[in-house]
Amino acid sequence: MALTPQNNQAFLREVDEELRRDQVASFGRRYGLWVAVAIVVLLAAFGGWIWWNHHQKEKAAEQGVVLQQAMDDLGASRVNAATAPLATLANSDSDGYRASAKFVQADVLLQKQDLKGAAAKFAEVANDNSMPGEFRDLALLRQTAAEYDTLKPQAVIDRLRGLATKQNPFFGSAGEMVAIAYIRLGKRDLAGKMFGEIAQTESVPESIRQRAVQMASALGVEAPASKAPTPPTSEEKNAG
């Protein structure tokens, strides 16, 4: 007996549904285990990431407490009590705590007049390529300051050339050391130019700019320190 169009469509739908069920069952038999494994791996990876992130935060908090205690000990002149914690933090996985610990260790050595030891600590940070550039620049600056009297003037200039620029946040201090090195080399014109640039750079601390004005003047360079614009008064704002 021939199927009517309605019965034919119903028959085709049943065949189509049955075929899909067979395909799903076949896929499940063939790939079900691997899909389950993949889901488990993804869940485990996600759970591991959550645990690692939480662990890192807890670890950072613990290191913060250790650093604060070490600073408190140093403030109370308990240098020996701070030595071991600082040594531990100096090997931290955190760039911030590692750099901070080494800076503090170097400052302790500076207080003991151990310039060579302090310079070596600063050098550890300056030469650590995993550190952010700001940490390395500051460490290089302080290393150079600790070693300044033992360095040849040209060595100072070469070392701080990248920092003694207006765009660098450490321009004031680096520029001063470079300018003095120029004077030691007899290059008074270059020294005067450097002091003049320092005096005219508003981002440089006021105390350094004032010294630069005096030094530039002594070298025959007129370099009045620039002043940051004063904020407008309320009357000026209303007038505007």
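Preceding this paragraph is the structure being described.
The present account deals with the structure reproduced in this document. (Residues numbered from 1 in each chain as written. Predicted model: local features only at pLDDT ≥ 70, side-chain atom pairs only at ≥ 80, totals over all residues. Heavy atoms only, no water.)

### Let's talk about the packing of helix H5 (residues 133-147) against helix H7 (residues 171-184)
Rules: Helix axes are fitted to C-alpha atoms over the stretch in contact, other axes to C-alpha atoms as well, and angles between N-to-C directions run from 0 to 180 degrees. Counting from the N terminus, the helices are the DSSP runs of H or I reaching at least four residues and the strands are the DSSP runs of E reaching at least two. Handedness of a helix crossing follows the sense of rotation of the near helix relative to the far helix, less than a right angle counterclockwise being left-handed and clockwise being right-handed. Only heavy atoms matter for contacts: two residues are in contact if any of them lie within 4.5 Å across the pair. Any residue that is not Ala, Val, Leu, Ile, Met, Phe, Trp, Tyr, Cys, Pro, Asp, Glu, Lys or Arg is counted as polar, Gly included; the first ten are nonpolar and the last four charged.
Packing of H5 against H7 leaves a shortest axis separation of 11 Å and a crossing angle of 35°. Remark: the crossing between H5 and H7 carries left-handed chirality. Contacts between H5 and H7 involve Leu141, Thr144 and Ala145 from the first element and Ser173, Ala174 and Met177 from the second. A breakdown of the residues in the contact of H5 with H7 according to their chemical character gives four nonpolar, two polar and no charged.

### As for the packing of helix H4 (residues 115-126) against H5
Selection rule: An angle counts as roughly parallel when it lies under 35 degrees, as roughly antiparallel when it exceeds 145, as roughly perpendicular when it falls between 65 and 115, and as oblique in every other case.
Relative to each other, H4 and H5 sit at 160°, their axes nearing to 8 Å. Judged by the inter-axis angle, H4 sits roughly antiparallel to H5. The two elements H4 and H5 meet at a crossing, and its hand is left-handed. Within the contact between the two elements, H4 uses Leu115, Ala119, Phe122, Ala123, Val125 and Ala126 and H5 uses Phe135, Arg136, Ala139, Leu140, Arg142, Gln143, Ala146 and Glu147. A class-by-class count of the residues in the contact of H4 with H5 yields 10 nonpolar, one polar and three charged.

### With respect to the nonpolar core
Heads up, the rule is: Definition of nonpolar core: a set of buried residues of the types Ala, Val, Leu, Ile, Met, Phe, Trp, Tyr and Cys, connected through side-chain atoms within 4.5 Å. Exposure classes here rest on a 1.4 Å probe applied to the protein chains alone. A residue is buried below 20% of its type maximum, exposed above 50%, and partly exposed in between.
The biggest cluster of nonpolar side chains holds 25 residues, and the ones touching the most others in it are Val156, Leu160, Val178, Met194, Phe195 and Ile198. Looking at this core element by element, the count peaks at seven residues for H7. Leave out the neighbours within four places in its chain, and Met194 touches Ala164, Phe171, Gly175, Val178, Ala179 and Tyr182.

### What to know about the packing of aromatic side chains
Quick note on the threshold: Ring pairs are drawn from Phe, Tyr and Trp, using the six-membered ring of Trp, whenever the two centres fall within 6.5 Å, and their geometry is named by plane angle: stacked under 30 degrees, edge-to-face over 60, tilted for the rest.
Under the criterion given, the structure shown has one aromatic pair. With a centroid separation of 5.8 Å and an interplanar angle of 50°, the aromatic rings of Phe103 and Phe122 are classed as tilted. With a gap of 19 residues between them, Phe103 in helix H3 (residues 95-111) and Phe122 in helix H4 connect regions that are remote in the sequence. The pair formed by Phe103 and Phe122 is uniform in burial state, with each residue classed as buried.

### Brief notes about the pattern of salt bridges
Applicable threshold: We define a salt bridge as a side-chain nitrogen of Lys or Arg found within 4 Å of a carboxyl oxygen belonging to Asp or Glu.
Under the counting rule described, the total for this entry stands at nine salt bridges. Residue Glu124 pairs with Lys121 through a salt bridge whose shortest N-O separation is 3.8 Å. With a gap of three residues between them, Glu124 and Lys121 both fall in helix H4, about one helical turn apart. For Arg159, the salt bridge goes to Glu147, with nearest N and O atoms at 2.8 Å. Highlighted residues: Arg159 in helix H6 (residues 153-160) and Glu147 in helix H5, separated in sequence by 12 residues. Here Arg159 falls in the partly exposed class, since its relative accessible area comes to 27%.

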